[in-house]
Amino acid sequence: MAALGRVALVLWLGLASMLALATARPFESVGTIEQIPDGVVTSLAQDGQGLLWIGTTDGLVRYDGYRFRLYQTVPGDPHSLPGSRIQQLMTGADGRLWLGTYGDGVAVYDPVADRFQAFRAEPGRDDGLPAGTVRARAQTPDGVVWVGTTGNGLGRIEPDGRVGRFLAADAGGLQMDARISALAVDRTGTLWIGSWQGLGRLRPGSLTVERVLSDPQDSDGFADTTIRGIHVSQSGDVWVGAQQGQMARIPAAVAERAEPQRAAEVQRWRGTGMNAAV
């Protein structure tokens, strides 16, 4: 009960601080319906040059603090956006912007040439990206960009540009669901995978997706839930939220070890989901 009180106090203080900040620094509206197509923002990211990128349902907008520039698909131009409906943005380790589209693959922006390199889906081929909407992406320390799709599993883009699908080995771990909804990488380089069937992790060099807090016998676990958000904090803790209202904090020491995590070692809440965190 005392622990719950401390959590409530921290949340109250955090809310009070946010309200004080909002009073001192009110929000400022940036951009018009002409500058940001449809006025719908699907994703935000800041690249290594400090530029703000805004994903929309009809193009990608770059904002330098003064001017807006809109990028859209140009028929016949292989260096334009592969698709104008932007689903997800990510800044890579080298500062470049990566984007995922609703159904037209992935692209990375070349700031020197001011153009995009597209990686399109190759249905039926193991050396191509899986088709489908790109719901999540993450980059591991080896430079591989992982692409999570809705309905067709995981793809990977190597640092040299080679593309392929990830085929998990079935060794008693988490059944690999093709509906990937969240990805994150922890300090050890382990890829955390959220799907419509729970939470798993893929350790460096492994082909087995290990089940994490997704035992069907655990009523408070993530089995048969849709993972909406995975966030690795600066301290290494892994935060996970599910659409059905579960949230968990896996301490760094527990998340990063090779042995399976036990429910007693993890903080869990019900009725409080999480879509994203920064």
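These remarks concern the structure in this document. In this text the structure is predicted, and so the values were computed from the model without any measurement. (Residues numbered from 1 in each chain as written. Predicted model: local features only at pLDDT ≥ 70, side-chain atom pairs only at ≥ 80, totals over all residues. Heavy atoms only, no water.)

Some thoughts on the sheet that holds strand E4 (residues 68-71)
One open sheet holds the four strands; their spatial order is E1-E2-E3-E4, and the pairing between them is antiparallel. Sheet topology places strand E1 (41-46) and E4 at the edges, where each strand pairs with a single neighbour. Here the average twist between neighbouring strands, direction ignored, is 20 degrees. Here E1 runs beside strand E2 (residues 52-56); their pairing, made up of five bridges, is antiparallel. Residue pairing in the sheet places Ser43 in a bridge with Gly55 of E2. (Pairing = 2+ DSSP bridges. Helix = DSSP H or I, 4+ residues; strand = E, 2+ residues; numbered from the N terminus. Axes fitted to C-alpha atoms, helices over the stretch in contact; angles between N-to-C directions.)

Digging into the pattern of salt bridges
Within the structure shown, the criterion is met by 12 salt bridges. For Arg96, the salt bridge goes to Asp94, with nearest N and O atoms at 2.8 Å. Classification of Arg96 as partly exposed rests on a relative accessible area of 30%. A salt bridge links Arg156 to Glu158; its shortest N-O distance comes to 2.8 Å. In this structure Glu158 comes out as buried when scored by relative accessible area, which is 18%. Among the ionic contacts, a cluster of salt bridges with common partners joins Arg201, Arg203 and Glu210. (Salt bridge = Lys/Arg side-chain N within 4 Å of Asp/Glu carboxyl O. Buried < 20%, exposed > 50% of the residue type's maximum accessible area, 1.4 Å probe, protein only.)

Description of the nonpolar core
Counting residues in hydrophobic clusters, the biggest one holds 18 residues, and the most contacted among them are Trp192, Leu199, Phe222, Ile227, Ile230, Val238 and Ile250. If you list the elements that add at least two residues to this core, you get strand E13 (180-185), strand E17 (227-232), strand E18 (238-242), strand E19 (246-250) and helix H2 (252-255). Counting 13 residues, the second-largest nonpolar core is a separate cluster that includes Leu51, Trp53, Tyr71 and Leu89. (Core = buried A, V, L, I, M, F, W, Y, C linked by side-chain atoms within 4.5 Å.)

Quick look at the pairing of strand E6 (residues 97-101)
Where burial is concerned, most of E6 is hidden: five out of the five residues are buried. Where burial is concerned, the two faces of E6 agree: the one with Leu97, Leu99 and Thr101 and the one with Trp98 and Gly100 are both buried. As judged from the five bridges shared by strand E5 (residues 86-91) and E6, these two strands associate in the antiparallel manner. Residue pairing in the sheet places Gln88 in a bridge with Gly100 of E6. Linking E5 back to E6 in an antiparallel pair, the connection comprises five residues, with Gly95 at a positive phi of about 90 degrees. Two strands pair when backbone bridges link them, and E6 and strand E7 (residues 106-110) are joined in this way by three bridges, in the antiparallel orientation. Looking at the pairing, Gly100 lines up with Val106 of E7. Hairpin connection, E6 to E7: the antiparallel pair is bridged by four residues, and Gly105 has positive phi, about 90 degrees.

A word on a nonpolar patch on the surface
Together, Val41, Leu44 and Leu52 make up a nonpolar patch on the protein surface, roughly 250 Å² of accessible area in all. As for its position among the elements, Leu44 is in strand E1. (Patch = residues over 30% accessible without salt bridge, like charges linked within 9 Å, V, L, I, M, F, W, Y side chains within 5 Å. Areas by Shrake-Rupley, 256 points an atom, 1.4 Å probe, with all protein chains shown as cover.)

Focus on the sheet that holds E7
Spatial strand order, E5-E6-E7-E8: four strands in an open sheet with antiparallel pairing. Two strands lie at the open edges of the sheet, namely E5 and strand E8 (115-119), each paired on one side alone. Ignoring strand direction, the axes of neighbouring strands in this sheet form an average angle of 25 degrees. With five bridges connecting them, E7 and E8 associate as antiparallel partners. Residue pairing across strands places Asp110 opposite Arg115, the latter belonging to E8.

Notes on unusual backbone geometry
Despite not being glycine, Asp38 has its phi angle at roughly 65 degrees, a positive value. Here the phi dihedral of Asp224 falls at roughly 60 degrees; this positive angle occurs in a residue that is not glycine. Locating Asp224 in the fold gives a position in the loop between strand E16 (210-211) and E17.

Quick look at the packing of aromatic side chains
In total, this model carries nine aromatic pairs according to the counting rule given. The interplanar angle of 35 degrees and the centroid separation of 5.7 Å between the aromatic rings of Trp53 and Tyr71 together place this pair among those described as tilted. One end of the pair, Trp53, is in strand E2; the other, Tyr71, is in strand E4, with 18 residues separating them in the sequence. For Tyr71, a relative accessible area of 7% puts it in the buried group. With 5.1 Å between their ring centres and 50 degrees between their planes, Tyr109 and Phe116 make a pair best called tilted. Taken together, the ring pairs connect Trp53, Tyr71, Tyr109 and Phe116 into an aromatic cluster. (Phe/Tyr/Trp six-rings, centres within 6.5 Å; stacked < 30°, edge-to-face > 60°.)

Side note on the pairing of strand E14 (residues 191-195)
With respect to burial, E14 is a largely interior element, five of its five residues being buried. Here E14 shows two buried faces, one formed by Leu191, Ile193 and Ser195 and the other by Trp192 and Gly194. One ladder, built from five bridges, connects E13 with E14; its direction is antiparallel. Counterpart to Ile180 in the pairing with E14 is Ser195. Between E13 and E14, which pair antiparallel in sequence order, lie five residues; one of them, Gly189, sits at a positive phi of approximately 90 degrees. Between E14 and strand E15 (residues 198-202), which pair antiparallel in sequence order, lie two residues.

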